[in-house]
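A look at the structure
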Amino acid sequence: MGKKAIVAGHVVVDITPAFVNPPVSRYDALFVPGNLVTVGPAHIQGGGCVSNTGLAMDFFGADVTLLGRVGDDAFGKILQEQYQKAGVSVRWIVDAEVPTGYTIVISPVGLERMYLHNEGANASLCNADFPEELWAQTDLFHFGYPPLLRHYYEDGGQELIALFQHAKAHGIVTSMDTVMFDRSSAPARQDWRRILLALMPFLDLFAPSLEELLLMMEPEKYERLHREANGRDVLELVRFEEDVRPLAQALLDAGVRVLLIKCGTRGLALFTASASRLEPMREKLDLPDTWAECEFLQPAFVADRVCTTTGAGDTSIAAFLTALLQGMTPERALRLAAGAGACCVTAYDSFSGLQSFAAMEDKMRSGWATQPSL
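Reading the values: the criteria
Residues numbered from 1 in each chain as written. Predicted model: local features only at pLDDT ≥ 70, side-chain atom pairs only at ≥ 80, totals over all residues. Heavy atoms only, no water. Salt bridge = Lys/Arg side-chain N within 4 Å of Asp/Glu carboxyl O. Helix = DSSP H or I, 4+ residues; strand = E, 2+ residues; numbered from the N terminus. Buried < 20%, exposed > 50% of the residue type's maximum accessible area, 1.4 Å probe, protein only. Axes fitted to C-alpha atoms, helices over the stretch in contact; angles between N-to-C directions. Parallel < 35°, antiparallel > 145°, perpendicular 65-115°, else oblique. Contact = heavy atoms within 4.5 Å. Nonpolar A, V, L, I, M, F, W, Y, C, P; charged D, E, K, R; others polar. Polar contact = N/O pair within 3.5 Å; in protein donor to acceptor, adjacent residues only side chain to side chain. Pairing = 2+ DSSP bridges.

**Thoughts on the pattern of salt bridges**
Across all of its chains, the model carries 23 salt bridges by this definition. Salt-bridge contacts for Arg 69 lead to Asp 95; the nearest nitrogen and oxygen are separated by 3.1 Å. In this pair, Arg 69 sits in strand β4 (residues 63–71) while Asp 95 sits in strand β5 (residues 89–95), placing the two residues 26 residues apart along the sequence. Of the two residues, Arg 69 and Asp 95, both sit in the buried class. Taking the shortest distance from any N to any O, the salt bridge between Arg 113 and Glu 112 comes out at 2.8 Å. Its relative accessible area of 23% is what places Arg 113 among the partly exposed residues. Within this structure, Arg 69, Asp 95 and Asp 129 form a network of salt bridges that share partners.

In structure tokens, the structure reads:
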């Protein structure tokens, strides 16, 4: 009998204009008062963790159910139609009192993307939305973007910790992804280091980006790096031994069992706990014993083209989680995660560029080029 997964949390409609500008290195080269920026067609599709990770897991062959809150409006119908077309199992909470969340993705050629975000129905998601019968049918639970889900960052993250405690009480393998947030917003006023360290004992797998991890665990260092970057990619200033390894060790010491850090074009970093701490997770997912005490750096694969990087991290996680559900080795899961990210960016949505595991591995055997790693 195949393993079953739930992907839950943040869900929105993504509106992504296709930028046709010559490459630029700064936002103020395009966005100045009174300027008109010509763009191509807008691509409208599901976004957020539930769409990006959940639909990609379904594409890669996982038995997955998606759960999230939407409004009873046009955006909500777009999401429902997309999921119905994909044929994926969905547990919707439709809230007629609030609109569906949406994100406008601004991704000019040559620049890192930025977002205009409306939380919509995501603000109402809470633990009462999870049907008890789902837990009994689940092997892996993945939850995304607590900094954009009001109930999960308020009150010191009590709702978030209770959610993962409940999942672990059912013997489920737990997984979480996070997201960048507005540094002047309510989520930025939370003590994320304290929340994350309190959560780690109930988390089997944590898959943040390095930039998110710095912002949440070491906000003062992040702000310093952000100032020094002066509009460039913050990760250009990050060093593995000084910046990455100490963060990884702090989270492993706090209790997480598998840590997958997404480092953009500099690849993926994987750290895992001891064999004894991994044993319940390995037994649940039939993982080989080579998962214990791993430390791997996987370079990013060179994409055939880059339309937008939106969803690349989410689809990397989808490939990694699906590989876990299929009992693969850590090295193979990591390679597939990197391959999925490189495929994702070749299209304006998060799905059209994806390739099957077999197709990606054929491309790797044929000498798929990689970028410099951390």
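So much for the structure itself; the text now carries on.
**Remarks on the packing of helix α1 (residues 48–60) against helix α2 (residues 74–86)**
Between α1 and α2, the shortest axis-to-axis distance is 11 Å and the interhelical angle comes to 10°. By the angle between their axes, α1 is roughly parallel relative to α2. Side by side, α1 and α2 meet where Val 50, Ser 51, Leu 55 and Asp 58 of the first sit next to Leu 79, Gln 82, Tyr 83 and Ala 86 of the second. Of the residues in the contact of α1 with α2, the class split is 5 nonpolar, 2 polar and 1 charged.

**So, the side chain of Asn 52**
As for its position among the elements, Asn 52 is in helix α1. Looking at Asn 52, its side chain comes within polar contact range of the side chain of Ser 350, at 3.1 Å. With residues up to four places along the chain from it excluded, the contact list for Asn 52 reads Gly 46, Gly 47, Tyr 145, Gly 311, Asp 314, Thr 315, Ser 350 and Phe 351.

**Examining the sheet that holds strand β1 (residues 4–9)**
Each strand in a sheet pairs with another by means of backbone hydrogen bonds, the pair being arranged parallel or else antiparallel. With respect to topology, 9 strands assemble into an open sheet ordered β5-β4-β1-β8-β9-β10-β11-β12-β13, the strand pairing being mixed. Looking at which strands have only one partner, the edges of the open sheet turn out to be β5 and β13 (295–298). In this structure, strand β9 (residues 173–177) lies alongside strand β10 (residues 205–206), joined through 2 bridges in parallel fashion. Counted as the bridge partner of Ser 175 is Leu 205 from β10.

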